[in-house]
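# Chains, contacts and geometry: an overview
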Amino acid sequence: MLTVTGAFDDGATYTVKVTGQADRPVIGSYRAAALVALHLSGSVALSPTGPTVTVAGDDDASVLAVLRQYTTVVEETGPVPKLTRPVER
């Protein structure tokens, strides 16, 4: 399971586990969970120049991309997430 530590723009920090479960994509921070839930079914870039994908709770790569885009990710530990959904064109 991937663990992500980061900070929001206001300086509040969080540590979450990315679960890969559609009904509960992250655990450990209500605020980070709300951020991911806010962006579910929206689009997010996997990297600054990378492809755009639809955010899904069971897609670790898209959940991590949301955290990277809207917070400052300080540390990621665990297996590298794999994209489970097709890339949008």
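Higher on the page you've got the structure.
This report concerns the structure included in the present document. Source: prediction; values computed, not measured.

Moving on to the side chain of Thr 3. With respect to the helices and strands, Thr 3 occurs in strand 1 (residues 2-7). By relative accessible area, which is 15% here, Thr 3 ends up buried. A polar atom in the side chain of Thr 3 sits 3.3 Å from the side chain of Lys 17. Apart from residues no more than four positions distant in its own chain, Thr 3 is found in contact with Thr 15, Val 16, Lys 17, Glu 75, Glu 76 and Thr 77.

We now examine the sheet that holds strand 3 (residues 26-27). Pairing is antiparallel in the open sheet, where four strands are placed in the order 3-2-1-6. Only two strands of the sheet have a single neighbouring strand rather than two, namely strand 3 and strand 6 (72-77). The pairing of strand 1 with strand 6 spans five bridges and is antiparallel. Note on strand 6: the bridge partner recorded for Val 4 is Glu 76.

What follows covers the pattern of salt bridges. Where charged atoms of side chains with opposite charge meet at close range, the side chains can pair. Enumeration according to the criterion identifies two salt bridges in this entry. In this structure, the salt-bridge partner of Asp 10 is Arg 31, at a minimum N-O distance of 3.0 Å. Of this pair, Asp 10 sits in the loop between strand 1 and strand 2 (13-18) while Arg 31 sits in helix 1 (residues 30-39), and the two are 21 residues apart along the sequence. Under the relative-accessibility criterion, Asp 10 is labelled exposed at 54%. Overall, the relative accessible area of 41% leaves Arg 31 in the partly exposed class. Glu 76 serves as the salt-bridge partner of Arg 68, at 2.9 Å between the closest nitrogen and oxygen.

The next thing to look at is the packing of aromatic side chains. Taken as a whole and assessed by the stated rule, the structure comprises one aromatic pair. Arranged with centres 5.1 Å apart and planes meeting at 50 degrees, the rings of Phe 8 and Tyr 14 form a pair that is tilted. Its relative accessible area of 3% is what places Tyr 14 among the buried residues. Residue placement shows Arg 31 over the ring face of Phe 8; its charged tip is 4.1 Å from the ring centre.

Calculation rules
- Residues numbered from 1 in each chain as written.
- Predicted model: local features only at pLDDT ≥ 70, side-chain atom pairs only at ≥ 80, totals over all residues.
- Heavy atoms only, no water.
- Helix = DSSP H or I, 4+ residues; strand = E, 2+ residues; numbered from the N terminus.
- Buried < 20%, exposed > 50% of the residue type's maximum accessible area, 1.4 Å probe, protein only.
- Polar contact = N/O pair within 3.5 Å; in protein donor to acceptor, adjacent residues only side chain to side chain.
- Contact = heavy atoms within 4.5 Å.
- Pairing = 2+ DSSP bridges.
- Salt bridge = Lys/Arg side-chain N within 4 Å of Asp/Glu carboxyl O.
- Phe/Tyr/Trp six-rings, centres within 6.5 Å; stacked < 30°, edge-to-face > 60°.
- Lys NZ or Arg CZ within 6 Å of the ring centre and 35° of its normal.

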